[in-house]
Amino acid sequence: MKKSVVLVLIAIFLILAGIEGTKKVFEIRREAQKERQIAFLKTNEKEMTEYIKDKNPKSKISYVRYDWQSFKVSDSGAFTKKLYSIHVDLYSSNNEKINGGKVIIFPNNIANPTKINELATSDFDMDLFEETNNN
């Protein structure tokens, strides 16, 4: 009787340890995937910066700072494609913060991206226009 109770307890312990180990492996893989995704975006940082500047010429953006810690994989609603989002701050040539917001990136493959299919961002020029007209 004691032997079977001990064996059952050992079996339960091994099962719980296996579950915890699996969770750890999953977490490590998820972090590695996130690091790959951020590395991909960093290699395409120039393209994203040019897109933001071209879309918002009135803002006179000199520098775009990417907050890599804000990186997320999400979707915009039911039945939509997954996307990346990242917060950016925009600066003028005299290092004055102009604005900030999110950049949305649609890569060709969420898990292992090789190219950017589409970019989207706020209309920072419109924000600038509203700010100057409200003051």
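It should be emphasised that the depicted structure is a prediction, and the values quoted were computed from it without experimental measurement.

Caption draft 1: Representation of the environment of Asn-56. With respect to the secondary-structure elements, Asn-56 resides in the loop between helix H2 (45-55) and strand E1 (63-75). Expressed as a C-alpha distance, the spacing of Asn-56 and Ser-122, which sit 66 residues apart in the sequence, is 9.2 Å.

Caption draft 2: Representation of unusual backbone geometry within the structure. We note that Asn-95 has phi near 60°; this positive angle belongs to a residue other than glycine. Along the chain, Asn-95 falls in the loop between strand E2 (82-91) and strand E3 (97-107).

Caption draft 3: Representation of the packing of aromatic side chains in the model. For the coordinates displayed, the defined rule picks out three aromatic pairs. Ring centres 5.3 Å apart and planes at 20° place the aromatic pair Tyr-66 and Trp-68 in the stacked group. Exposure class is identical for Tyr-66 and Trp-68. Each is buried. The ring of Phe-106 has Lys-81 lying over it, and the distance from NZ or CZ to the ring centre is 4.9 Å.

Caption draft 4: Inspection of the pattern of salt bridges at higher detail. Applying the stated criterion to the full structure yields two salt bridges. With a shortest N-O distance of 2.4 Å, Arg-65 and Asp-89 are connected by a salt bridge. Residue Arg-65 is located in strand E1, and its partner Asp-89 is located in strand E2; the two are separated by 24 residues in the primary sequence. Given a relative accessible area of 31%, Arg-65 falls into the partly exposed group. Note on Asp-89: relative accessible area 6%, which makes it buried. In this structure, Asp-89 and Lys-97 form a salt bridge, with 3.1 Å as the shortest nitrogen-oxygen distance. Look at Lys-97 and you get partly exposed, because its relative accessible area is 48%. Counted as one network, the salt bridges with shared partners bring together Arg-65, Asp-89 and Lys-97.

About the thresholds
- Residues numbered from 1 in each chain as written.
- Predicted model: local features only at pLDDT ≥ 70, side-chain atom pairs only at ≥ 80, totals over all residues.
- Heavy atoms only, no water.
- Helix = DSSP H or I, 4+ residues; strand = E, 2+ residues; numbered from the N terminus.
- Phe/Tyr/Trp six-rings, centres within 6.5 Å; stacked < 30°, edge-to-face > 60°.
- Buried < 20%, exposed > 50% of the residue type's maximum accessible area, 1.4 Å probe, protein only.
- Lys NZ or Arg CZ within 6 Å of the ring centre and 35° of its normal.
- Salt bridge = Lys/Arg side-chain N within 4 Å of Asp/Glu carboxyl O.

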